[in-house]
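An overview of the molecular structure
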Amino acid sequence: MAQNFLPNPSDNPNQPSVLNLSGEGQGRREQIKHILIGSPQAVRNTISTLYAFGYAQVNDWSTPQPTENPGEVISVLIRYVLLN
């Protein structure tokens, strides 16, 4: 599942902006944001579950920040996908 995503270009400035993962033609990168909103425990548990599935490293997520709702936080993961 995670192989469909490309690394964040800021993680490695020497990384080419377009990668050919399928062996077919060139594609373009597009940013996608995953947003988790919920109680701190629910957000932590979901991040840990996605890590266990091999989807994203725990440290790839932003630090949970409080929202305007009491007892609620938000955390964001930015990934890049290759579009053909």
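To keep things clear, this report deals only with the structure shown in the data block. Every value quoted in this text rests on a predicted model; they were computed, and no experiment measured them.

Regarding the overall build of the chain
- Each helix and strand in the chain was counted, giving one helix and four strands.
- Start at the N end of the chain and walk to the C end: the helices and strands fall as β-β-α-β-β.
- In the chain, buried positions account for 24% of the 84 residues.
- Within the chain, residue pairs in contact and separated by at least 24 positions form 61% of the contacts whose partners lie at least 6 positions apart.
- As displayed, the chain offers around 5,900 Å² of accessible surface, 51% of which is attributable to carbon and sulfur atoms.

A short note on the side chain of S75
- Here S75 is to be found in strand β4 (residues 73-83).
- Look at S75 and you get buried, because its relative accessible area is 0%.
- Of note is the side chain of S75, whose polar atom sits 2.7 Å from the backbone oxygen of S62.
- Apart from the residues within four sequence positions on either side, S75 is in contact with H34, I35, L36, V43, I47, W61, S62 and P64.

Things to note about the pattern of salt bridges
- With the rule as written, the count across this model stands at one salt bridge.
- The salt bridge involving R28 is made with E30; its shortest N-O contact spans 3.4 Å.
- Take R28: its relative accessible area is 51%, and that puts it in the exposed class.
- Judged by its relative accessible area of 36%, E30 falls in the partly exposed class.

With respect to helix α1 (residues 40-52)
- Here α1 contains 13 residues, and its C-alpha end-to-end distance of 18 Å stays within 8% of the 18 Å for a straight helix at 1.5 Å per residue.
- Of the residues one or two after α1, G54 is the one with positive phi, at around 80°.

Brief notes about the environment of N84
- Tracing the backbone through its elements, the reader meets N84 in the segment after β4.
- For N84, a relative accessible area of 82% gives the class exposed.
- A C-alpha to C-alpha distance of 9.0 Å links N84 and R29, two positions 55 residues apart in sequence.

Quick word on the pairing of β4
- The sheet contact formed by strand β2 (residues 28-38) and β4 spans 11 bridges and is antiparallel. Within β4, the residue paired with K33 across the bridge is I78.
- Taken together, the two bridges between strand β3 (residues 65-66) and β4 define a ladder with antiparallel strand orientation. The residue of β4 that forms the bridge with P66 is V73.
- Here β3 folds back onto β4 in antiparallel fashion, the turn holding six residues, of which G71 has a positive phi close to 75°.

What counts and how
Residues numbered from 1 in each chain as written. Predicted model: local features only at pLDDT ≥ 70, side-chain atom pairs only at ≥ 80, totals over all residues. Heavy atoms only, no water. Helix = DSSP H or I, 4+ residues; strand = E, 2+ residues; numbered from the N terminus. Buried < 20%, exposed > 50% of the residue type's maximum accessible area, 1.4 Å probe, protein only. Contact = heavy atoms within 4.5 Å. Areas by Shrake-Rupley, 256 points an atom, 1.4 Å probe, with all protein chains shown as cover. Polar contact = N/O pair within 3.5 Å; in protein donor to acceptor, adjacent residues only side chain to side chain. Salt bridge = Lys/Arg side-chain N within 4 Å of Asp/Glu carboxyl O. Expected span 1.5 Å × (residues − 1). Pairing = 2+ DSSP bridges.

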